[in-house]
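# Analysis of the macromolecular model
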Amino acid sequence: MLGPDGELDSWFVALTTAEGILGFFQLEPDLTLHRYSAFEVPQPASAWLDKGAIVARAQAAAAEGDELGEPVLTYRQNRDRLAWRVPIRNRPSAIYVAGDFVERGAAPGRTGRS
């Protein structure tokens, strides 16, 4: 995972089975445990691990004319709110995807909403 500055923040280690993603470990860059999180019910692994599925969710939320960039696994506001950030190259904003949740927001370093 990358921080808002684009530097390595932590490692995301998914725990999966045939049913989907059960949870994950978030490890510090030195591989010490930051936290463990488990979903109440398994989530589709593609919702968290498949860049194509992440981009498809972002495209569904994009406005006409939005030019989407490459998704980056990061966080929103604090390190425990993991999300894929899909930058909108032609606007100072991004689309954030976390499982089934999709939200437009300001790009890192910006304030307000777009």
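Heads up: these notes are all about the structure in this document.

For the rest of this paragraph, the subject is the pairing of strand β6 (residues 93-98). Working note: regular strand, side chains alternate between the two faces of the sheet. Among the 6 residues that make up β6, 6 are buried, leaving the element largely enclosed by the rest of the structure. Burial along β6 is two-sided: the face carrying Ser93, Ile95 and Val97 and the face carrying Ala94, Tyr96 and Ala98 are both buried. The pairing of strand β5 (residues 82-88) with β6 spans 5 bridges and is antiparallel. Among the inter-strand pairings, Pro87 is bridged to a residue of β6, identified as Ala94.

A few words on the pattern of salt bridges. According to the stated counting rule, one finds 7 salt bridges in the structure shown. Here the residues in one salt-bridge network are Asp9, Glu28 and Arg79, joined through shared partners.

On to the sheet that holds strand β4 (residues 72-75), then. Whether parallel or antiparallel, the strands of a sheet pair through hydrogen bonds between backbone atoms. Across the sheet, which stays open at both edges, the 4 strands sit in the order β4-β5-β6-β7 with antiparallel pairing between neighbours. Looking along the sheet, the strands with just one partner apiece sit at the ends: β4 and β7 (101-106). In this sheet, neighbouring strand axes are inclined to one another by 40 degrees on average, regardless of whether the strands run parallel or antiparallel. Across 6 bridges, β6 lies against β7 in antiparallel orientation.

It is worth spelling out the sheet that holds strand β2 (residues 20-27) at this point. With antiparallel pairing, 3 strands are arranged side by side in an open sheet as β1-β2-β3. What marks the edges here is a single partner per strand, and that holds for β1 (11-17) and β3 (33-43). Strand after strand, the sheet turns through a mean of 15 degrees between neighbouring axes, direction not considered. Both β1 and β2 contribute to a ladder of 7 bridges, which runs antiparallel. Looking at the pairing, Val13 lines up with Phe25 of β2.

Rules of the game
Residues numbered from 1 in each chain as written. Predicted model: local features only at pLDDT ≥ 70, side-chain atom pairs only at ≥ 80, totals over all residues. Heavy atoms only, no water. Buried < 20%, exposed > 50% of the residue type's maximum accessible area, 1.4 Å probe, protein only. Helix = DSSP H or I, 4+ residues; strand = E, 2+ residues; numbered from the N terminus. Pairing = 2+ DSSP bridges. Salt bridge = Lys/Arg side-chain N within 4 Å of Asp/Glu carboxyl O. Axes fitted to C-alpha atoms, helices over the stretch in contact; angles between N-to-C directions.

Distances and angles like these do not, on their own, reveal function.
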